[in-house]
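Residue-level structural notes
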Amino acid sequence: MNGNIWVLTSADSVAIATTLILAALGALFTERAGVLNLGIEGILLTSAISSFLVADSSGSIWLGLIVGSLVGALLAGIHAVLSVVLRANQIVAGLALVIFGTGLANFLGKPAEGKTVTTLIKPLSFGPLSDIPFVGPIVFRQDPITYASIVIAVLASLYLFRSRPGLELRATGDDPATVDAQGLSVASIRLRYTLFGGLLVGLGGSWLMLAQSAAWHQAATTNGVGWIALALVVFAGWRPIRLIFGAILFGFTLQLPFTLQAEQITFIPSALMQMLPYLATLIALIALSRPSTRSKLGAPKSLGIPFVRDER
Amino acid sequence: MRSPIRIVFEQRNETAKHLSVLVPLLSVVAALVAGALFLLATGYSPIETYSNMLSDGFTSSRGMTDTLGLSTVLICTGISAAFAFQMNLYNIGGEGQLYLGMIGGAWAGLALGDQLPTFVMIPVVLLVGSLAGASWILLPAFVRSRLGTSEIVTTLLLTYIAASLVKHFVYTPGSFFVTKNSAFPQGRLVPDSASLSGIGDTSLYPTFFLVILIALALFWVVKKTEYGYRIQVISDSPRAAHYAGINANRTTMSVMLISGALSGLGGAVLIVGPFGRLDPGIILLGYGYAGIVIAALARNNFSAIIVSGILFAGLRSGGDKLQISTDTPIHIGVMLQGAILLFALGGEAFRRYHIHAVRTERATQ
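Residues numbered from 1 in each chain as written. Chains lettered and ligands numbered in written order. Predicted model: local features only at pLDDT ≥ 70, side-chain atom pairs only at ≥ 80, totals over all residues. Heavy atoms only, no water.

Between chain B and chain A, the residue contacts involve 48 residues of the former and 45 residues of the latter. A combined buried area of about 4200 Å² lies between chain B and chain A, and 78% of that area is made up of carbon and sulfur atoms. The largest share of the area that chain B buries against chain A comes from Leu157(B), Tyr160(B) and Leu342(B), three residues that together contribute 15% of it. Linking chain B with chain A are zero salt bridges, by the criterion used here. Run the count over chain B and chain A and you get three residue pairs in polar contact (both at pLDDT 80 or more). Counting residues per element, the ones that place at least two in the side of chain B that touches chain A are strand 1 (5–11), helix 1 (17–41), helix 5 (118–147), helix 6 (151–171), helix 11 (287–297) and helix 14 (332–352) of chain B. (Contact = heavy atoms within 4.5 Å. Buried area = accessible area lost by both parts, 1.4 Å probe. Salt bridge = Lys/Arg side-chain N within 4 Å of Asp/Glu carboxyl O. Polar contact = N/O pair within 3.5 Å; in protein donor to acceptor, adjacent residues only side chain to side chain. Helix = DSSP H or I, 4+ residues; strand = E, 2+ residues; numbered from the N terminus.)

Quick look at the structure:
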C-alpha cells in the first residue's frame, strides 16, 4: 500500500517543498525588513553548485550544506549593499543578481558536468512508524533537512509574532521612520535580515543539490523554483506557517508531471504537463490580487522603498 | 553605537552630464577587473581570455559582423525592456515573448511561405512574430492594469511556460513545426521566400538596420510625441497624470503590449535570419534576459541601447567562442554581463548623490 504511486507522490511533494520553504522563508525575512530581493533564483543556483563542488571534493555533504548556505549569504550581501547602502533600484539589482548568479554557477559548474554526488542526504527511518499506511512515507520517512525546514518555519513564526526583535523586524518593513525614531538603525536591521535570508535560500539550494538533484544540470537544476518561492511569499501573506502549506501545495504541482509520466498517463503531452507548477503559481497570484483580498494579505508597507531619514 | 564618521548622501540638484557617460564606462571597467581577479583565482588566464574575447567579439572582421548580427536580437530585447521600464513596468518576461516570436514567425513562414513572394513574406513573418510576442504579455498586462497584479513574477512565470511550449512543438512527433521522418526531432526550415541571406556571406542580416531604425523611432516617440509625454507624466507622478485626465490603465496596457511585441520581433528576426527554424536551443541562450541588462545599462535611453546592445553582443559572441580558442568556460560572458549591471547599479549612487563623509557632531544638530 505504501508503494502506491499517490502515496509516494505526496511524500515527494513534502520533500520537494523543502527548497520552497527555505527559499521562500529567506525571501520572507528579507521582505519583512522592507528589502525586495528578486535574485533568489540566482542565489539558489550558485549555492547549489557550490555545495556540490565542496561535497564532491571533501566527501562531506554537511560541509557542502554549510558552504552552500554561506555562499547564499554572500550573494545576498551584494544585494544588501546595493539596495540598502547605495539605494539602488532593488528590482533591477535583484535581476542583475539572477543573471550574475546564473553565469557564475554555470562557470563554476563546468568541472561538475557529468558527475554525480556519491553520497546523498538520506531519509531518516523511524522504525515501525515509517511503515504506517499513508502517514509513514509522508511524515516519517523524510530527511533531516526537510524536518529542519518545517521547524525553522515554525520558529520563524514565533520569532516574528511573539518576540521583541521580531516586532522590530516587522516594523522596519512597515514603518522604518518609527524604528529610526526609536534609536535603532534601519540600515543595520535590513542588512542583517537580507544576509540571513540569503543564508536560508543558500541552504535550500544546497539541499536541492545534495538530496534531490545529485547531478548538475545547469539552470535546469533549479528550473524556476526561486521564482515560485517569491510568488509563494505573496501566496502565504508573508506568514511562515501558511508558507509551509503553500510550499507543499506547490511542491505537489512540481511533482505531479513526473508521476503522470511514470504512470504513463499521457492524455496531456508531457511537455505541456511541465507547465503545471508555473501555471498554478500564475493563477494563484492573479486570484490573490483581487482588490478585496489584497488588503488582507499584509504586504510590508515599505517593501522595496529605500529608507532616507528626514534630515531637518 | 554610532561611529564617529557618517557617510552622507546629498542629492545632486542637477546631474552632471559627464557622470552619465562616466558611470556606465567605469562599471564596465570595474566588472572586467573583478572578472580578471575571478579568472586568476579559478586558474584561468585573464589576459588570454580577454584578448580572445576582444578579437573574436570586436576587432577581427568576422568577429565584428558576428557581433552586429547578434546585436540585432539583443537590441530588440533591450528596447523591449526599456519601453516598459521607463514607465516603471518591469516586463522581465522578454525571454518568453522572444520564444513566442519565434513560434509565431516560424508558423507564418511555414504556413504561408510557398504562396507569397519574399517582399511580402519577410514583413509578414516579422509582424506575426511581434503579435505572438505581444499575445504573451496580454494576460500580465491585463491583470496589472485591472487588478494591480505585479507584472514582475507573472511575466517571468510565463517564460517557463513558453519554454515548455517550444519543447512541445519541437518534440511532439508529427508536429507542424518539425521535419517529417527525421532521425531526431528538429525544427523544419522555413521556405526561401521567408528567409533573408546575410550581407556578403556574413552573419549580419539586413534586419539589423530595421532594428536600428525602430530604436531611433522609439527615441523620437518618447521624446517628442504626446504619447511619450503621457508615459513620462505617469511614471513621474501617477497622481498628476490622474488629475490631468490621463487614462493610466490604457497607457499601461499599450506600453506593455508594445514591449512584448518588440521582444517577439527579436524572435522573428531569428527566423528570417540566422536560425530559420523553431529551435529549442534558444532556451539556453538567454537573449531576452540580456535585454534587461542592456536596457538598465543604457538607463532606458533608446539611442544608448544601440551602443550597449552592440557592446553586449561583442561580449557574448567573444565569450561563446572561448570554448574553441581557450579552455575558459563560455559562461564568463554571461557572468560579466551580470557583474557590469551590478557595478552600474552601485555607480548610480555616485551619479545621483554627492557622497561624502562627515563627523557625527556636525551631522546631527
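Moving on: the layout of surface pockets. Estimates place the volume of the second largest pocket at around 1500 Å³. Looking at the lining of the second largest pocket, its residues break down into 24 nonpolar, 19 polar and five charged. (1 Å grid on protein atoms, 1.4 Å probe; cavity = no way out; pocket = protein on both sides within 12 Å on 5 of 7 lines; lining within 4 Å. Points joined across faces, edges and corners; volume = space filled by probe spheres on them. Nonpolar A, V, L, I, M, F, W, Y, C, P; charged D, E, K, R; others polar.)

The subject of this paragraph is the packing of aromatic side chains. Considering all chains together, one arrives at 12 aromatic pairs over all chains under this definition. By the ring-pair criterion, three or more aromatic residues cluster together here, those being Phe29(A), Tyr159(A), Tyr193(A) and Phe196(A). Here the basic side chain of Arg87(A) rests over the ring of Tyr353(B), its NZ or CZ set 5.2 Å away from the ring centre. Here the guanidinium or amino end of Arg188(B) rests over the ring plane of Phe176(B), the centre of that ring lying 5.2 Å away. (Phe/Tyr/Trp six-rings, centres within 6.5 Å; stacked < 30°, edge-to-face > 60°. Lys NZ or Arg CZ within 6 Å of the ring centre and 35° of its normal.)

Right, let's talk about the domain arrangement of chain B for a bit. How big an interface is tends to be expressed through the accessible area that disappears when the partners come together. Residues and elements named next belong to chain B. Split into domains, chain B comes out as domain 1 (1–44 + 328–365) and domain 2 (63–311). One C-alpha centre belongs to domain 1, the other to domain 2, and the line joining them spans 31 Å. Counting from both sides, the interface comprises 10 residues of domain 1 and, opposite them, six residues of domain 2. Buried area between domain 1 and domain 2, both sides added, is near 660 Å², and the carbon and sulfur share of it is 73%. At the boundary of domain 1 with domain 2, the tally comes to one salt bridge. The salt bridge involving Arg299 is made with Glu348; its shortest N-O contact spans 3.4 Å. Our count for the contact surface shared by domain 1 and domain 2 stands at one residue pair in polar contact (both at pLDDT 80 or more). Within the residue set of the side of domain 1 that touches domain 2, elements represented by two or more residues are helix 1 and helix 14. It is helix 14 that contributes the most residues to the side of domain 1 that touches domain 2, six residues altogether. (Domains from an automatic or database assignment.)

Residue and element names in this part refer to chain B. Taken N-terminus to C-terminus, the directions of helix 4 (residues 94–112) and helix 10 (residues 248–272) make an angle of 50 degrees; their axes are 6 Å apart at the nearest point. In this view, helix 4 runs oblique relative to helix 10, as classed from their interaxial angle. Crossing hand, helix 4 versus helix 10: right-handed. Here Gly94, Gln97, Leu98, Gly101, Met102, Gly105 and Ala106 of helix 4 come into contact with helix 10, specifically with Ser259, Gly260, Ser263, Gly264, Gly266, Gly267, Ala268, Leu270 and Ile271. Taken together, the residues of the contact of helix 4 with helix 10 sort by class into six nonpolar, 10 polar and no charged. (Axes fitted to C-alpha atoms, helices over the stretch in contact; angles between N-to-C directions. Parallel < 35°, antiparallel > 145°, perpendicular 65-115°, else oblique. Left-handed = near helix turned anticlockwise from the far one by under 90°.)

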